Every structure is written in structure tokens, then in C-alpha cells.
Amino acid sequence: MIPPPNVTGTLHMGHAFQHSLVDCLIRYQRMCGRRTLWQMGTDHAGIATQLLVTEQLNAQGIKPQDIGREAFIEKTWEWKQQSGGNISKQLRRLGASLHWETERFTLDEGLSRAVLEVFVRLYDEGLIYRGKRLVNWDPVLRSSISDLEVTSEEEQGHLWHFKYPLADDPEQHLIVATTRPETMLGDTAVAVNPADARYRQLIGKQVALPLTDRSIPVIADQYVDMEFGTGCVKITPAHDFNDYELGRRHNLPLINIFNEDASVNDEAPEAYRGMDRFAARQAVIADMSRLGLQEKVEEHRMAVPRGERSGVVVEPFLSDQWFVDIQPLAEPAIRVVEEGDIEFVPENTANIYFAWMRNIQDWCISRQQWWGHRIPAWYDEAGNIYVGRNEREVREKYRLADDLSLVQDPDVLDTWFSSALWTFSTLGWPEQTPELDRFHATDIMVTGHDIISFWVSRMIMMTLKFMDEVPFRTVYIHGLITDADGQKMSKSKGNGLDPMDIIDGIAIKDLVAKRTDNLIQPRMATQIEKATRKEFPEGIMAYGADPLRFTFYAIASRARTVRFDIKRVEGYRNFCNKLWNAANYISTNVAGHEIGTDTAKVQFTLADQWIVSEFQKVADAIHRALETLRFDLAAKAIYEFVWDEFCGWYLELTKPVLNAEADDSDSLARQEGTRQTLLQTLEATLRLAHPFLPFITEELWQTLPAEMRATDDTIMLQPYPKGDASLIHQEASEDIAWLKKVVTGIRNIRGEMDISPATPVPVLFASGSAEDRRRLNQFRELLESMIRPTEMQWLDAKQTRPLAATQLVGEMELLVPMAGLIDKEAELVRLDKEINRKQKDRSRTESKIDNPDFIEKAPPEVVQKERVKLTEIDSALTKLDQQRNTVAAL
């Protein structure tokens, strides 16, 4: 099941990462022959959508209240029809092979029926109730919001210390500290720790609450930290979650001093009524100061909760809301994970689930909005509650008179309520459909750490309750995408990337505009523009979907955060080009030849046998990786096979065979064998790479000769390759490994001695075994083609060895005599300059690392980069010293 993206949304990097992983799995399983369903759907996103449509109406000078609920909902549906498909188009652009024919929407008729059914059943069982509780309240939305919709970041604030006089002795007072002075108007107690000797004699006494005509008690509770501040805490049960729990323990009254817009209501003293909460704060501070009751004020950094959508400070607010009695649902949900019916991958992410579930609180499911699933409850004039699927059912169920006036509850359900039913409601529940029988329980849920608590846990609870089985057997939790330096991507930092920009490209001016759009502070916008121009001086080029997807697989380790670097996308674009060029090479060399599958009339070279053998190994490795959800290991395996073995070695090894004069039947048979191997290995490799690179593999597969393709018209439905142990040729693998070491050794000598690849060099062989001599004779033609030596001979033990650069291949020595190849004195000068430059670079880097100020002030990732750099410099210096010694000995 796709975690349903918001219908208002666009694809961000986290989405693209997550959906790329699932698409790889679904394509893999489809090609393995399984019946697959990747269910598409979108979420109605109650708050986000209502805000968006409200803003559109405001731009036309229309307030939602002007047109009423029904007209507003109609406008929202119109917007959904016109603009709600953006995310679907972007998913298609990414290559997501979802089951588009059964796309669902959390407000469609079928899912709405499921929501009603669940609500009514839970209410009838006593698991849904209505009560007055403290909730997160957004004063702009005028609605309760979930914890997930609240962001808390540290901000600079103040801590005010106020004097509360004792009621029976105004000359004495307690000092309390608060970051929200306006809430003192709703205080109902001052709390101290019962073990605090300073205040033990005051427990049970009254203090006069300043600015009001009320007295409040001094109470004792272990919650109070004696070491923090003065050890006295003001208690405001109606406006603080901790105070609310403490108030419940001590039966304190709850005084709500705010209206729904966070203005001060009539429960507060008359002087403050009607004020905005922050204006009331300033008035309270001024009045306390005037009365001589402000002891001091301190600078104070604190976490400030803000509404994710509105951006305003959220208030703990006492309100009538609907709740789910969660404990009876939580207990079996904890048990299925403990007993292994659901597996979390990585295993340690289950700890997040357990921490939430073992301390879970009743779930507030009502929202004061219009867009969403309206709560199926009706009220009579006396305030009695009647719950049913519709009003007619309510009247029959409760045997109500036809003339009894009923009004439906205006609230809607929390968006997460309908999302909690996602795995079974999308398959037709409460009907017992064939899809529900076939695909539920689902196999895997791929999602992020951030919604384990708010979505994964609720799906498990609701599915166990209504399906009597788990919603999925595996929960794969992927890491959080960060930038290349490990920083969380965000608009405010200017390091966020749009996957569509990476796929389709974007000019620098448009990229800057996107990053600075809607930013309030011009200074921040300027910083973002500078950072953008430095990182992308010419914008982001169009890389296409495949390189972006492959980058996601390559970085999908088990880490909690994964770093995304655009340079890797560039590297994997080159990888796609490499595969494309390989296909062109093969197409050119098989054109005009009939390539059959009959192996009896052809001869296969050792290189042919070797690449077939290597393919079996990589196919098995990728199966193992995908079955264990190690996308990074699968990507590494396919990359190394295609780049190194197939393109880097095998294609080169085929050139001498294909370019040779075919003047006898054996030569012709070898050429046909090589052409057959080229084409068959390419076709199988395209199938192997398809889950990772769907676009390029489909395109290339379609260009293959018809006889190489099955009757299906798409690679998506071809069988996924499996390793065949009978095709692993150990002797060929060992022989080609020897050949690769020889060629690599000669190339290393060229690189170390700065000899151009175009310059022919003499190559001598010494020591070694009879097997080495056999292989040299066997591969002489291939070696002459690949290293282009002026001569190639074996030195006997008695022969004098020339001064030469050497490499070892097992016990065998490779020698390249240097006489006439380099200017010794000029090369020593060049090497000395390079060594000197590297030593200076090392000194600069080492002084940084040894500087305590740098270590203390620089971000950890910057310090780590410098340490890695130092290691790389040391390695380079070692190689340069070896090179110089070789040259000096000539």
C-alpha cells in the first residue's frame, strides 16, 4: 500500500526516495512471477486542503463563512478535480508502476462508507466517546490538531519571575517562574515538592493570585523539580499538558481563559477580556511590574510549538472533542510485534513503535473543519448524542420521534482516522471482495521514522480490530534524506531539492526563485541565493528519472539518515550512458547476423564462459539483497557487474574476436558464440537492472531482435533472472582473473610512471609458475590487443634484468623497462614538485585538525571531511615516494 500522499501535495525528495524503493520491490516481485498489487491512492489532507482553498477564496475577496459549509465543500471538490492530480503525474514521471486502475481517495464513496462503519462500531462498543479534554489548538485554524501537525523548534524567549503573596500574610510570598505570563490568569494552584523543606510548612495554605480576586492553594506533588528555579511551579490545568495531568491528580478546577482565536475570554478579569493573548501578556507583565510583583526577567531559549500549516503558536486548549479509548486496541497491537507477526526492518526501529504504544494516550479524532469525514453523530436540543451511519438509521436505532429536531455534529474526523483503515478499506471492506481475500494481509509497508507513531501504529490497531489479522507482515523504515553534508533538507536552509528539477532540469534563476519563494526575511533569501548559485552555477541539468532512482538505491542503507549528493546522480547518469553505449556496441556487432540460441554450432571463448559465470553470481547476489531489503547492496552489485565486468572487461575482450579475419570455420564459430553471448547477456542484464532503471531498460529491450524477446510487449512482464550454478565456469573465472591482473598491473605502471596509454611499452615476465606460462601463451593475442606492447617475453632466471618498474601478479613479476620511456631528471623534478605541494597541503590540513577552536566550532561533518582528506593525502604521498624511488633507481 502506498502511504497516501496529500492530494494537495507535490513530490518531494522523501516521497521520491520512498516510492523508488517500493517500485523496485514491486517490479522485482512481478518479474518473479507473483501476482502483485501496489495500491495507489491519495489522502484528502483535511487541514492542508481547507487552508489552500480558503486562501484561493480570500484572494477573490470571499470568506468561507460568506458562502457556507456546503458551498465551500463544493468549491473544494472542484479544486480537487482540477488540480488534485499533480502528485499522480509526478509519480508516473518517476516511473512508479502503481495499479492506477484502482486508484482510491480517502473521501471517495467506498472509503467514506468504511470510515462510517468503523466509527459506529467503535462507538457502539464504547471505544469512542466525547469528552472535554486538553488538546493542541491552532488559533488560526480554530481547530484541534494532532501532535504530528505541531513543529517545535528552539526560539529565544524570556522567563519571568513573579511574586505570589500568601493570602494570610501578604508580606510573604512565593516566587514562580513562567514563560507565558498571560496564563497566570487561569492558575488554580502553586505546586512544590513534598520533600522540599523550604516550603513544607506552606503546603495546604492559600496564595492570593495577583491581578485576580481569587486565592489558590499550595499543593505538594513529586512532579516538581526542587532544583529548577525556585522549586515553586504555577499550575494552569487548562493551558498546559503537564499541569492538566497534575490537576487531575489533585482535582483542581480547570479555568479556560481563551476563546477559540486565542483572545482572552470572560473567565479572566475584565481588564484583559478581548485582548489577543500576546497583548494580554504585555499587559500582565506591565501590571505585575507596577504592583512590584515582578522579581526579575531572564533571557531563555525554549521549544515553541507552532502549527505546521498556520505557523502560529499552538495553545493547549480545553475543548469538547471526540476520542478513541485506545488502550484496548493498543494491547494486541503491541503483542503482534513482540511475537514477530510483524517485523520491523531495521529491527531497532521497533523501539520507536514500542515507546509510543506502551505510553499511548487516548486519541483525539475530531477536527473543527468542514473538509473531511463529518462525524456521524446527531444532537437533540437537550444535548443528547445519537450515533449512526445516517440520520434515518439514528432515528430507527434510538426509536426517536419523527418530529424530534436533530442537528449533526459540525466537526470532521482527523485525517489519520481514515488513513488508519488504508490497507483494508482500499480493497473494498466492509464488503468481502476478491481483492481483500487475495491481497490482505499485505506483504510490506515502506515508510519513514516520523509516522511510525501516527500512522503505522494506528493501521496495526484498526486492522487487528476489524480484519482480525495484521495489515502487513514487514515494516521497512527508510532513513531521512539529508543533503551531502548531513543537514536536513528544508526551504529555510536553501538546501531542499525538487526531484522533478533533477529529472527534467531547471535553470539557475528558476531554482533560486523556488528556493526563496514566500520567505519572509530578505536577508535569508539573499543567503539562499548565494548558496544556490555557488552549488549550482548553471542550474540543475536534466538527469532523467533513472539516475535519480539509482542514487536512491545506492544510498538506501540501514542508517537513520542518508546523504543525497547531486554528484552521485551525475555519476549514475554516466552509468546509464555506459549501458546505452554497450547496447549500441552490441547492436552494431550483431547487425546482419542471425543470432540463435542453438549452442551446438558455435564455440564459446573463455571470456564468453567467464561473463556467463559472473552473471550467475550477480543474479544470485541481487536476489539475496532484495529479499533482505538491502537496496544498497543490490545497486552495488548491478553497478559493478555492468560497469566493471561487462563493459570494462568483457566488451574489450570481445573486440579481438569480432575484429579478427574469420577465415575458417572455427573463427566463424567463435564469432557467432561471442555474438550470441553478447546479446543474451545484454538481454538478461536489462531484465536484471529493470527494477532499478525502468526507463532505459525498457527502451533498450524494445530494440533487441524479436527472437530475443518473449511474446509480451514489455520487459516488466519478463522473468527475473536467477543464477544457474551449472553455468558457473570456475576455470574460466580463474583464467580471466589472471588476465585482468596482468592488464591492470601494466596500466598501474603506466599511471605511476606517467606514461601515456598511447605509448607502446615493452613487457617482460619473470618468476611465476608453469600455469603462468600457460596462461601467457593462451592469452598472448588478447594481451597484445589490450596493452599494445612493443615486445612481450619471458625472462629466464639467468638473464640480466633491466632497470624497470614492476608489479606482482601472485608470484609472477611484470616488468616494464624504463629506458627511453621517460626523461629521468625531468620526471624527478616533476615528482619533487608534486610531493612538495602535497606536503604543504598536509601541513595546512593537519594544523586545522590540531586546532581546538576548529574542532569545537566546526560542524562534525566538516571535521570528518578534513580527517578523511588527511588520510587521502598520506596515501598519495606514499605512492609518490614509491614512484620517485623507482625513477631514481633507473
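Remember, it's a predicted structure, so these values are computed and weren't measured experimentally. (Residues numbered from 1 in each chain as written. Predicted model: local features only at pLDDT ≥ 70, side-chain atom pairs only at ≥ 80, totals over all residues. Heavy atoms only, no water.)

1. Digging into the packing of helix α19 (residues 566-590) against helix α22 (residues 665-689)
(1) Moving on: Contact geometry of α19 with α22 gives a least axis separation of 10 Å together with a crossing angle of 145 degrees. In this structure, α19 meets α22 at a crossing whose hand is left-handed. Of the residues in α22, those in contact with L579, A583, Y585, I586, N589 and V590 of α19 are R675, L678, L679, L682 and L686.
(2) Moving on: Per-class residue counts for the contact of α19 with α22 are 9 nonpolar, 1 polar and 1 charged. (Axes fitted to C-alpha atoms, helices over the stretch in contact; angles between N-to-C directions. Helix = DSSP H or I, 4+ residues; strand = E, 2+ residues; numbered from the N terminus. Left-handed = near helix turned anticlockwise from the far one by under 90°. Contact = heavy atoms within 4.5 Å. Nonpolar A, V, L, I, M, F, W, Y, C, P; charged D, E, K, R; others polar.)

2. Quick word on the side chain of R277
(1) Moving on: Residue placement: R277 occurs in helix α7 (residues 277-290).
(2) Moving on: For R277, a relative accessible area of 4% translates into the label buried.
(3) Moving on: Sequence-distant contacts of R277, that is, excluding residues within four places in its chain, are made with P139, E182, F258, A262, S263, V312, V313, V314 and E315. (Buried < 20%, exposed > 50% of the residue type's maximum accessible area, 1.4 Å probe, protein only.)

3. Digging into the pairing of strand β3 (residues 128-138)
A regular strand carries its side chains on alternate faces of the sheet.
(1) Moving on: In terms of burial, β3 is a largely internal element, 8 of the 11 residues being buried.
(2) Moving on: Where β3 lies against strand β12 (residues 315-324), 10 bridges are found, and the strand directions are antiparallel. Note on β12: the bridge partner recorded for R133 is S319.
(3) Moving on: Pairing between β3 and strand β4 (residues 143-145): 3 bridges, direction antiparallel. Bridge pairing in β4 links D138 to S143.
(4) Moving on: Connecting β3 to the next strand, β4, in antiparallel fashion are 4 residues, including R142 with a positive phi near 55 degrees. (Pairing = 2+ DSSP bridges.)

4. Considering the environment of D243
(1) Moving on: Within the fold, D243 resides in helix α6 (residues 241-250).
(2) Moving on: Among the residues examined, D243 registers a relative accessible area of 5% and is labelled buried.
(3) Moving on: Once residues within four sequence positions are removed from consideration, D243 is found in contact with Y223, K234, I235, T236 and P237.
(4) Moving on: At a separation of 2.8 Å, a polar atom in the side chain of D243 contacts the main-chain amide nitrogen of T236. (Polar contact = N/O pair within 3.5 Å; in protein donor to acceptor, adjacent residues only side chain to side chain.)

5. Observations concerning the environment of T532
(1) Moving on: Within the secondary structure, T532 is located in helix α17 (residues 522-535).
(2) Moving on: Residues T532 and K509, spaced 23 residues apart in sequence, show a C-alpha to C-alpha distance of 9.6 Å.

6. Examining the pattern of salt bridges
(1) Moving on: Inspection of every chain in the model, using the stated rule, returns 55 salt bridges.
(2) Moving on: One salt bridge in this structure joins E570 and R573, with 4.0 Å as the shortest N-O distance. You can see E570 and its partner R573 sitting in helix α19, 3 residues apart, about one turn around the helix.
(3) Moving on: Take E570: its relative accessible area is 35%, and that puts it in the partly exposed class.
(4) Moving on: In this structure, K869 engages D841 in a salt bridge whose closest nitrogen and oxygen atoms are separated by 3.5 Å. Taken together, the residues span a long stretch of sequence, with K869 in helix α28 (residues 860-888) and D841 in helix α26 (residues 824-849) at a distance of 28 residues.
(5) Moving on: By relative accessible area, D841 is classed as buried at 15%. (Salt bridge = Lys/Arg side-chain N within 4 Å of Asp/Glu carboxyl O.)

7. Remarks on the packing of aromatic side chains
(1) Moving on: Evaluated as defined, the whole model comprises 32 aromatic pairs.
(2) Moving on: Here Y553 and F631 contribute two aromatic rings whose centre-to-centre distance is 6.4 Å and whose plane-to-plane angle is 25 degrees, an arrangement assigned as stacked. Pair noted here: Y553 is in helix α18 (residues 545-555) and F631 is in helix α21 (residues 631-659), with a separation of 78 residues, a long-range link.
(3) Moving on: A ring pair is formed by F615 and F641, whose centres lie 5.8 Å apart and whose planes are at 70 degrees; its orientation type is edge-to-face. Of this pair, F615 sits in helix α20 (residues 606-627) while F641 sits in helix α21; the two residues are 26 residues apart in sequence, bridging distant segments of the chain.
(4) Moving on: Linked through ring pairs, Y476, F550, Y553, Y572, F575, F631, Y639, W643 and F692 together constitute an aromatic cluster.
(5) Moving on: The ring centre of W100 lies 3.8 Å from the NZ or CZ of R92, which sits over that ring.
(6) Moving on: Across the ring face of F354, the terminal group of R358 is positioned such that the distance to the ring centre comes to 4.1 Å. (Phe/Tyr/Trp six-rings, centres within 6.5 Å; stacked < 30°, edge-to-face > 60°. Lys NZ or Arg CZ within 6 Å of the ring centre and 35° of its normal.)

8. Description of the packing of α18 against α21
(1) Moving on: For the pair α18 and α21, interaxial distance at closest approach is 6 Å and the crossing angle is 120 degrees. Taken together, the axis directions place α18 and α21 in an arrangement best described as oblique. Of the residues in α21, those in contact with F550, Y553 and A554 of α18 are F631, D632, A635, I638 and Y639.
(2) Moving on: Broken down by class, the residue content of the contact of α18 with α21 amounts to 7 nonpolar, no polar and 1 charged. (Parallel < 35°, antiparallel > 145°, perpendicular 65-115°, else oblique.)

9. Describing the sheet that holds strand β13 (residues 343-345)
(1) Moving on: With parallel pairing, 3 strands are arranged side by side in an open sheet as β13-β21-β20. Single-partner strands in this sheet number two, and they are β13 and β20 (442-448). Between one strand axis and the next, the sheet turns through 20 degrees on average, direction left out of account.
(2) Moving on: Here 3 bridges tie β13 to strand β21 (residues 472-478), and the two strands are oriented parallel to one another. Residue pairing for β21: F344 is matched across the bridge by V475.
(3) Moving on: Those strands touched by helix α1 (residues 13-31) are β20 and β21, and its axis lies near 160 degrees from that of β20.

10. Things to note about the nonpolar core
(1) Moving on: Formed by 194 residues in total, the largest nonpolar core has its most connected members in F344, F417, F564, I622, F631, F646 and F692.
(2) Moving on: No other element matches α21, which puts 14 residues into this core.
(3) Moving on: Setting aside its immediate chain neighbours within four residues, I622 contacts A634, A637, I638, L688, F692 and Y720.
(4) Moving on: By size, the runner-up hydrophobic cluster in this structure holds 35 residues, among which are L185, I216, I255 and F317. (Core = buried A, V, L, I, M, F, W, Y, C linked by side-chain atoms within 4.5 Å.)

11. Brief notes about unusual backbone geometry
(1) Moving on: Along the chain, V345 connects to P346 via a cis peptide bond; the corresponding omega equals -5 degrees.
(2) Moving on: For the bond from W429 to P430, the omega torsion is 15 degrees, close enough to zero to count as cis.
(3) Moving on: Take P430: it is sitting in the loop between α12 (422-425) and α13 (434-439).
(4) Moving on: A positive phi angle, near 60 degrees, is found at S767, a position not held by glycine.
(5) Moving on: Within the element layout of this structure, S767 appears in strand β24 (residues 761-767).
(6) Moving on: Assessed through its relative accessible area of 35%, S767 is described here as partly exposed.

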